[in-house]
Amino acid sequence: MSHPVSCLSEGEEFGSRIGMTADSLVLLERNRTEDPWEMVETKPNIEALERGVPGLYFPCYDMLLTEDATWLVKVSEASPTLAGPMNRMESQEEPEQCPVIDSQEQGLSPGLEGQEEERSLEQVQSMVVGEVLKDIETACKLLNITPDPIDWNTANVQKWLLWTEHLYRLPHAGKAFQELTGKDLCAMSEEEFRQRSPLCGDTLHAHLDIWKSAAWMKERCSVIDTKAAGGEELWSEADSSCSGQPIHLWQFLRELLLKPHNYGRCIRWLNKEKGIFKIEDSAHVARLWGLRKNRPAMNYDKLSRSIRQYYKKGIIRKPDVSQRLVYQFVHPV
DNA sequence: AATCAGGAAATAC
DNA sequence: GTATTTCCTGATT
């Protein structure tokens, strides 16, 4: 499974740039799990299958590989939150959102009234792409790196490698890419990746390919959006990842809690209204926090000490009936 | 053995 | 100065 598919018959620059390798696409679904750190088995996890549109699963990949990329633009129109960098807080208010519903609600392709099949296809496509972009954005927040690999410094590259390796249970290959910047990385062919890392170079290359494509899409969408909307209000809902200030632990915990889809197995609400949450996997949460803050030695002992500092500040407290690993936000939102 | 509670000092910004 | 991070002692689950 390691020959790049020359995609996109209409070979304009859009298409060829967007085109992902066959590897990338296989990776997209093979390796996605709800909680990367918890991954025990590699199972296909495409929600389309679980939600009962089996017939559309494979065709959508054909489309990804062969169609021109106008649907990507539609995605950007349907999901303005994807357009600007880091500004999709609002869509994450709904923990278990369904991208298909999203698309319908936001009026995806209103001009296709008669063509149910095409419409469904587009829904699945936008869903898949949306999920990928969402994952990338999540990873960016987590690692505190930019979505576009071209901007990465050597430290960012190492972080990404560490993350990707951990995410997909790859052998550690960071050393082979030690002194490379994102720019270097982006310029490398799949072959060069394999030379650096015979074991997983192709996989890493494929993943980087996905990131590159996503960044390119994002940039294009934001250009379109800026033209259309005058570039205003894209930054209105500044979240912790673009506010410039270093993130606070309580904010970070809130972010994890906001994404049960991704982190529900390591931290979850016991009572969202009261702000009571439970850390289900202390080591895991600590690892994520350490990753975010560049503290490789972070552990739950230290993380919990930081939480306890919040007691006297009135940010977090122990619930009335104290339970192990259970805390409560003093001011639930 | 893992968590919890704080004091105290170190560190990053 | 703030917000942790690091380290530690002792208590609790």
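Keep in mind the model is a prediction, meaning the values are calculated, not measured.

Rules of the game
Residues numbered from 1 in each chain as written. Chains lettered and ligands numbered in written order. Predicted model: local features only at pLDDT ≥ 70, side-chain atom pairs only at ≥ 80, totals over all residues. Heavy atoms only, no water. Helix = DSSP H or I, 4+ residues; strand = E, 2+ residues; numbered from the N terminus. Buried < 20%, exposed > 50% of the residue type's maximum accessible area, 1.4 Å probe, protein only. Contact = heavy atoms within 4.5 Å. Areas by Shrake-Rupley, 256 points an atom, 1.4 Å probe, with all protein chains shown as cover. Near = heavy atom within 4 Å. Polar contact = N/O pair within 3.5 Å; in protein donor to acceptor, adjacent residues only side chain to side chain. Core = buried A, V, L, I, M, F, W, Y, C linked by side-chain atoms within 4.5 Å. Nonpolar A, V, L, I, M, F, W, Y, C, P; charged D, E, K, R; others polar. Salt bridge = Lys/Arg side-chain N within 4 Å of Asp/Glu carboxyl O. Pairing = 2+ DSSP bridges. Axes fitted to C-alpha atoms, helices over the stretch in contact; angles between N-to-C directions. Phe/Tyr/Trp six-rings, centres within 6.5 Å; stacked < 30°, edge-to-face > 60°.

*Asks:* Just checking my understanding: could you explain the overall build of chain A for this structure?
*Replies:* A count of helical and extended segments in chain A gives 15 helices and four strands. The 333 residues of chain A split such that 51% are buried. Across chain A, contacts joining residues at least 24 apart in sequence account for 63% of those joining residues at least 6 apart. Only carbon and sulfur atoms are counted for the fraction: they give 52% of the accessible area of chain A, which is about 16300 Å².

*Asks:* What exactly am I supposed to notice about the protein's contact with DNA strand B here?
*Replies:* In the region of DNA strand B, the neighbouring residues are Ser-282, Arg-295, Tyr-300, Arg-305, Arg-308, Tyr-311, Lys-318, Gln-323, Arg-324, Leu-325 and Tyr-327. The protein-proximal atoms of DNA strand B, defined as those within 4 Å of the protein, are 53% sugar or phosphate. Between DNA strand B and Arg-305 there is a distance of 2.6 Å, counted from a base oxygen to a side-chain nitrogen or oxygen. Note that a phosphate oxygen of DNA strand B is positioned 2.7 Å from one of the side-chain N or O atoms of Tyr-311. It is helix α15 (residues 300-313) that contributes the most residues to the surface near DNA strand B, four residues altogether.

*Asks:* Before we go on, may I ask you to explain the nonpolar core in this structure?
*Replies:* Generally speaking, soluble globular proteins have nonpolar side chains that are buried together. Ile-267 and Phe-277 are the most contacted members of the largest nonpolar core, which has 55 residues in total. A per-element tally of this core places helix α7 (residues 116-143) first, with eight residues.

*Asks:* Would you mind going over the protein's contact with DNA strand C with me for this structure?
*Replies:* Taken together, 13 residues sit near DNA strand C, with Leu-249, Trp-289, Lys-293, Tyr-310 and Arg-324 positioned nearest. Residue Trp-289 places a side-chain N or O atom 2.8 Å away from a phosphate oxygen belonging to DNA strand C. Here a phosphate oxygen of DNA strand C sits 3.4 Å away from a polar atom, N or O, in the side chain of Lys-313. Of all the secondary-structure elements, those providing two or more residues to the surface near DNA strand C are α14 (282-293) and α15. The element contributing the most residues to the surface near DNA strand C is α15, with six residues. Residues that form the surface near DNA strand C fall into these classes: four nonpolar, three polar and six charged.

*Asks:* Is there a simple way to think about the pattern of salt bridges in this case?
*Replies:* Should their charged atoms come close, side chains of opposite charge can pair. For the coordinates displayed, the defined rule picks out seven salt bridges. Taking the shortest distance from any N to any O, the salt bridge between Arg-194 and Glu-191 comes out at 3.0 Å. Residue Arg-194 and its partner Glu-191 are both found in helix α10 (residues 190-196); the two are separated by three residues, about one turn of the helix. Judged by relative accessible area, Arg-194 falls into the partly exposed class, the value being 24%. Taking the relative accessible area as the measure of exposure, Glu-191 reaches 44% and is therefore partly exposed. Each member of the salt-bridge network shares a partner with another, and the members are Glu-190, Glu-191 and Arg-194.

*Asks:* Quick question: what am I supposed to make of the environment of Tyr-300 here?
*Replies:* Secondary-structure assignment places Tyr-300 in helix α15. With 11 residues separating them in the primary sequence, Tyr-300 and Trp-289 have C-alpha atoms 9.5 Å apart. Discounting chain neighbours no more than four positions away, the residues touching Tyr-300 are Ile-279, Ser-282, Ala-286, Leu-325 and Tyr-327.

*Asks:* Honestly, the sheet that holds strand β3 (residues 316-317) in this entry has me stumped. Any pointers?
*Replies:* Picture the strands of a sheet paired through backbone hydrogen bonds; they go either parallel or antiparallel. If you trace the four strands from one edge of the open sheet to the other, you get β1-β2-β4-β3, paired in antiparallel fashion. The open sheet terminates on both sides in strands that have one partner only, identified here as β1 (267-271) and β3. Direction of pairing for strand β2 (residues 276-279) relative to strand β4 (residues 326-329): antiparallel, over a ladder of three bridges. From the neighbouring strand, Ile-276 faces β4, where its bridge partner is Gln-328. Strands β1, β2, β3 and β4 of the sheet are contacted by helix α12 (residues 249-258), whose axis makes an angle of about 85° with β1.

*Asks:* Just to check I follow, could you spell out the pairing of β2 for this structure?
*Replies:* Regular strands have side chains that alternate between both faces of the sheet. Here β1 runs beside β2; their pairing, made up of four bridges, is antiparallel. In the sheet register, Arg-268 faces β2, and the bridge partner there is Lys-278. Connecting the antiparallel pair β1 and β2 is a turn made up of four residues, with Gly-275 showing a positive phi of about 75°.

*Asks:* Looking at this model, I keep getting lost on the packing of aromatic side chains. Mind explaining?
*Replies:* Ring pairs (aromatic) are described by centroid distance and by the angle formed between their planes. Under the criterion given, the structure shown has nine aromatic pairs. Taken together, a centroid distance of 5.5 Å and an interplanar angle of 70° make the contact between Trp-152 and Trp-211 edge-to-face. Highlighted residues: Trp-152 in the loop between α7 and α8 (154-167) and Trp-211 in helix α11 (residues 201-229), separated in sequence by 59 residues. Across this residue pair, the class does not change: Trp-152 and Trp-211 are buried. Taking the centre distance of 5.4 Å and the plane angle of 45° together, the rings of Phe-177 and Phe-193 count as tilted. Residue Phe-177 is found in the loop between α8 and α9 (182-187), and its partner Phe-193 is found in helix α10; the two are separated by 16 residues along the sequence.

*Asks:* Can you help me understand α12 in this one?
*Replies:* Side chains three or four residues apart in an α-helix point the same way, a direct result of the helix having 3.6 residues per turn. Of all the 10 residues making up α12, eight are buried; the element is thus mostly covered by neighbouring parts of the structure. Of the positions making up α12, those classed as buried are Leu-249, Phe-252, Leu-253, Arg-254, Glu-255, Leu-256, Leu-257 and Leu-258.

*Asks:* Quick question: what am I supposed to make of the environment of Leu-288 here?
*Replies:* In this fold, Leu-288 is placed in helix α14. Leu-288 gets classed as buried once you look at its relative accessible area, which sits at 0%. Taking the C-alpha atoms as reference, Leu-288 lies 9.6 Å from Asn-299; in sequence the two are 11 residues apart.

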